[in-house]
Amino acid sequence: MDCIFCKIIAGQIPSDVVYTDNKVIAFRDINPLAPVHLLIIPREHITTLNDISEQETMLMGHMLQVARQLAKQHGIATKGYRVVINCGPQGGQVVQHLHMHLLGGRELSGGMG
Ligand code: 5GP
Ligand code: ZN
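Worth saying up front: this structure is predicted, and the values here are computed from it rather than measured.

K.L.:
Sorry if this is basic, but what is going on with the site of ligand 1 here?
P.N.:
Around ligand 1 lies a shell of 16 residues, among which Asp29, Asn86, Val94, His99 and His101 are the nearest. The contact in question runs from an oxygen atom of ligand 1 to an N or O atom on the side chain of Asp29, over 2.5 Å. Here an oxygen atom of ligand 1 and a side-chain polar atom of His101 are 2.8 Å apart. Among the elements that make up the shell around ligand 1, the one with the highest residue count is helix α1 (residues 4-9) (three residues).

K.L.:
Mind showing me how you'd approach the coordination of the zinc ion (ligand 2) here?
P.N.:
In an ideal octahedron of six donors the angles at the metal are 90 or 180 degrees, and in an ideal tetrahedron of four donors they are 109.5 degrees. The protein atoms donating to the zinc ion (ligand 2) are Cys3 (SG), Cys6 (SG), His45 (ND1) and His97 (ND1), with metal-donor distances spanning 2.0 to 2.3 Å. Between the four donor atoms coordinating the zinc ion (ligand 2), the angles at the centre fall across 104 to 117°, so the site counts as tetrahedral. For the zinc ion (ligand 2), all donor residues lie on one chain, and their spacing in sequence is C-x2-C-x38-H-x51-H. Here Cys3, found in the segment before α1, pairs with His45, found in the loop between β3 (36-42) and α2 (57-73); they are 42 residues apart in sequence, far enough to count as distant. Its relative accessible area of 6% is what places Cys3 among the buried residues. The partly exposed category is assigned to His45, whose relative accessible area is 26%.

K.L.:
Where do I start with the nonpolar core in this structure?
P.N.:
Counting 19 residues, the largest nonpolar core has Val24, Ile40, Met63, Leu70 and Leu102 as the members making the most contacts within it. Every element with two or more residues in this core is listed here: β2 (24-28), β3, α2 and β5 (100-104). Counting residues per element, this core draws most heavily on α2, which supplies seven residues. Beyond its immediate stretch of four places on either side in the chain, Met63 contacts Val24, Ile40, Ile41, Pro42 and Met100. Counting eight residues, the second largest nonpolar core, distinct from the first, contains Cys3, Ile8, Ile25 and Ile41.

K.L.:
Just checking my understanding: could you explain the pairing of β3 for this structure?
P.N.:
Strand residues, when the strand is regular, have side chains that alternate between the two faces of the sheet. Burial analysis of β3 places seven of its seven residues in the buried class, the great majority of the element. A two-sided burial pattern is seen for β3, the buried positions comprising Val36, Leu38, Ile40 and Pro42 on one face and His37, Leu39 and Ile41 on the other. Here β2 pairs with β3 via five bridges, running antiparallel. Of the residues in β3, the one forming a bridge with Arg28 is Leu38. Two strands pair when backbone bridges link them, and β3 and β5 are joined in this way by five bridges, in the antiparallel orientation. Residue pairing for β5: His37 is matched across the bridge by Leu103.

K.L.:
What is the right way to look at the environment of Ala34 in this model?
P.N.:
Within the element layout of this structure, Ala34 appears in the loop between β2 and β3. It is 6.4 Å that separates the C-alpha atoms of Ala34 and Arg106, two residues lying 72 residues apart in sequence. Ignoring any residue separated from it by four or fewer positions in sequence, one finds Ala34 in contact with Leu103, Gly104 and Arg106.

Reading the values: rules and limits
Residues numbered from 1 in each chain as written. Chains lettered and ligands numbered in written order. Predicted model: local features only at pLDDT ≥ 70, side-chain atom pairs only at ≥ 80, totals over all residues. Heavy atoms only, no water. Near = heavy atom within 4 Å. Polar contact = N/O pair within 3.5 Å; in protein donor to acceptor, adjacent residues only side chain to side chain. Helix = DSSP H or I, 4+ residues; strand = E, 2+ residues; numbered from the N terminus. Donors = N, O, S within 2.8 Å, 3.2 Å for Na, K, Ca; no water. Tetrahedral: all angles 85-135°; square planar, octahedral: opposite > 155°, others 65-115°. Buried < 20%, exposed > 50% of the residue type's maximum accessible area, 1.4 Å probe, protein only. Core = buried A, V, L, I, M, F, W, Y, C linked by side-chain atoms within 4.5 Å. Contact = heavy atoms within 4.5 Å. Pairing = 2+ DSSP bridges.

Structure follows, in structure tokens:
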């Protein structure tokens, strides 16, 4: 499969991995928009949030738990952070493998785009 994030999971493209378990991996964004900018992705190739089934609700909850844990580990839990999932062309999704952005370490603008 020609998916950049699947290649990262397979170790075919190097990345700065900060967390891994049997369901998800997290790594630093190559083009960070904040001092902490991590991507949390499922190991399974799921294209967008539109493709999440009822059975995958637990997976999404797990991704949020990992985000919460990583925010703490990276020292941004108390001051605050943002979790973002872009979906589809108008949502600004560029990589077609579901991912959660974890952003923090600076004052983030109040706007939502
Ligand atoms: P999207 O716009 O799809 O929500 O976000 C995709 C993110 O993936 C972008 O923030 C982009 O910088 C990041 N990204 C794209 N290619 C790579 C890569 O090869 N390695 C890493 N670490 N991040 C990537
Ligand atoms: Zn993929």
